[in-house]
Amino acid sequence: MLRLEDVTVERAGLPVVRSVSMDVADASVTVLLGDGGAGKTSLLEGISGAVPIRSGAILLDGARIDRVRAWRRARLGVAHVERHRTVFPALTVSENLRVACKDLTALDEAFELFPELREQEHVHAGLLSGGERQMLVISRALLGRPKVLLMDEMPRGLPPVVLHRLARAVRELADGGVSVVLAEQAPALALSIADHAYVLAEGEIAFHGDSTDVLGAWCGATT
Ligand SMILES: Nc1ncnc2c1ncn2[C@@H]1O[C@H](COP(=O)(O)OP(=O)(O)OP(=O)(O)O)[C@@H](O)[C@H]1O
């Protein structure tokens, strides 16, 4: 589905992601782990086209997309939930979704994934809890029916029960056919829903494997 070959991303002239190769399978969750500053956000931005890559190749279904503009990549099926993406607080939940898409079937699908949002359809988004806002942001990204969903870290400070709810929804999305790439610092929950994981350290892949292998390696490295 999504393949990265030797991708390097620069920030302020410095290569903060170096020669990263990755394979993201159809209908799977791939977790990108790494400490703060490891390069997770920069890599996701390189994939979505928010920043240009310095070198390497990005392929979606076998076709190069790394020179394609960000908005076209989105049309081709690459959705990006950026770290600080927000909702329109003065608009209702339903209006927030309708400004992104007029397709009412897609809207219904978003509400199926997050029935909590349907219950608050007419509530101003500014009144939602942090978890509900995140649900809304994810729903908006899904309205274009993406093939690949790039998700930067969940907001800090969400209650564990809400994080588990969001994680379950991410797993459901993958089971429904979307390939999810989730950047996270906290490994336990992310690995519990992942099929595959890559660990980034100072811009390079330190190791990768099935989520169970990576969990074992991660625990070994931190104990
Ligand atoms: N806009 C920018 N300009 C200059 N340097 C940047 C910029 N954004 C990120 N960097 C640098 O690139 C490196 C990788 O940062 P990045 O945000 O991609 O990592 P991360 O793994 O997502 O970390 P965090 O979770 O702390 O954001 C860091 O050294 C960071 O300081």
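Everything numeric in this text was worked out from a predicted model, so none of it was measured. Every chain's residues receive numbers from 1 upward, in the order its sequence appears when written. Restriction of local features to residues with pLDDT of at least 70 applies here, the model being predicted, together with a cutoff of 80 or more for giving and counting side-chain atom pairs; totals for whole chains, interfaces and linings are based on all residues. Only heavy atoms go into the side-chain values, all of them from the structure, while hydrogens and water stay out.

Turning our attention to helix α6 (residues 130–142). Only DSSP runs of H or I covering at least 4 residues are called helices, and only runs of E covering at least 2 are called strands; the numbering of each starts at the N terminus. Take the residue count of a helix, subtract one, and multiply by 1.5 Å to get its expected span. Taking 1.5 Å as the rise per residue, α6 with 13 residues should run 18 Å; its terminal C-alpha atoms sit 19 Å apart, in good agreement. Taken residue by residue, α6 has Gly131, Glu132, Gln134, Met135, Leu136, Val137, Ile138, Ser139, Arg140, Ala141 and Leu142 as its buried positions. Buried means the residue's accessible area, taken with a 1.4 Å probe over protein chains only, is under 20% of the maximum for its type, while exposed means over 50%, and partly exposed covers the values in between.

This brings us to the sheet that holds strand β4 (residues 55–60). One open sheet accounts for 4 strands, arranged β2-β1-β4-β5; its pairing is antiparallel. At either margin of the open sheet sits one strand with a lone partner, and together these are β2 (14–24) and β5 (63–64). For two strands to be treated as a pair, DSSP must find at least two bridges joining them. Pairing analysis gives 5 bridges linking strand β1 (residues 2–11) to β4, with the strands arranged antiparallel. For Glu5, the partnering residue across the bridge sits in β4 and is Ala57. Any two residues whose heavy atoms approach within 4.5 Å at even a single point are treated as in contact. For helices, the axis comes from a line fit to the C-alpha atoms of the stretch in contact; other axes are also lines fit to C-alpha atoms, and the angle between any two N-to-C directions lies between 0 and 180 degrees. Against the sheet, helix α1 (residues 40–48) contacts β1, β2 and β4, and its axis sits at roughly 115° relative to β1.

Locating Leu143 in the fold gives a position in the loop between α6 and β7 (148–151). The class for Leu143 is buried, based on a relative accessible area of 5%. Placed 64 residues apart in sequence, Leu143 and Ala79 show a C-alpha to C-alpha distance of 9.5 Å. In this view, Leu143 contacts Leu97, Ala100, Cys101, Ala106, Leu107 and Ala110; residues no more than four positions away in its chain are not counted.

The domain limits used here are those given by an automatic or database domain assignment. Parsing the chain into structural domains produces domain 1 (2–77 + 146–221) and domain 2 (86–145). Taken over C-alpha atoms, the centre of domain 1 sits 24 Å from the centre of domain 2. Tallying the contact residues gives 13 residues for domain 1 and 13 residues for domain 2. Accessible area that two parts lose when put together, evaluated with a 1.4 Å probe and summed over both, is termed the buried area. Taken together, the two surfaces of domain 1 and domain 2 that pack against each other cover about 1,000 Å², and 75% of this comes from carbon and sulfur. On the domain 1 side of the contact with domain 2, Pro146, Arg165 and Leu166 bury the most area, a combined 45% of that side's loss. Whenever a carboxyl oxygen of Asp or Glu lies within 4 Å of a side-chain nitrogen of Lys or Arg, that contact is scored as a salt bridge. Counting across the interface, domain 1 meets domain 2 through 1 salt bridge. Under this definition, polar contacts are N or O atom pairs within 3.5 Å; protein pairs additionally need one hydrogen-donor-capable and one acceptor-capable atom, and for neighbouring residues in sequence, both atoms have to be side-chain atoms. Linking domain 1 to domain 2 there are 2 residue pairs in polar contact (both at pLDDT 80 or more). When residues of the side of domain 1 that touches domain 2 are traced back to their parent elements, those giving at least two are β7 and α7 (160–175). Charged means Asp, Glu, Lys or Arg here, nonpolar means Ala, Val, Leu, Ile, Met, Phe, Trp, Tyr, Cys or Pro, and polar covers whatever is left, Gly included. Per-class residue counts for the side of domain 1 that touches domain 2 are 10 nonpolar, no polar and 3 charged.

It is worth spelling out the site of the ligand at this point. The immediate surroundings of the ligand are formed by 14 residues, with Gly37, Gly39, Lys40, Thr41 and Ser42 found nearest. Within the contact set of the ligand, an oxygen atom lies 2.8 Å away from a side-chain nitrogen or oxygen of Lys40. A distance of 3.5 Å separates an oxygen atom of the ligand from a polar side-chain atom of Gln185. Protein coverage of the free-state accessible area of the ligand, which is 630 Å², stands at 59%. With 3 residues, α1 is the single largest residue contributor to the shell around the ligand. When its residues are assigned to classes, the shell around the ligand shows 3 nonpolar, 6 polar and 5 charged. Any residue with a heavy atom lying within 4 Å of a molecule or strand is counted as near it. Methods summary: accessible areas were calculated by the Shrake-Rupley approach with a probe of 1.4 Å, and residue burial reflects only the protein chains presented.

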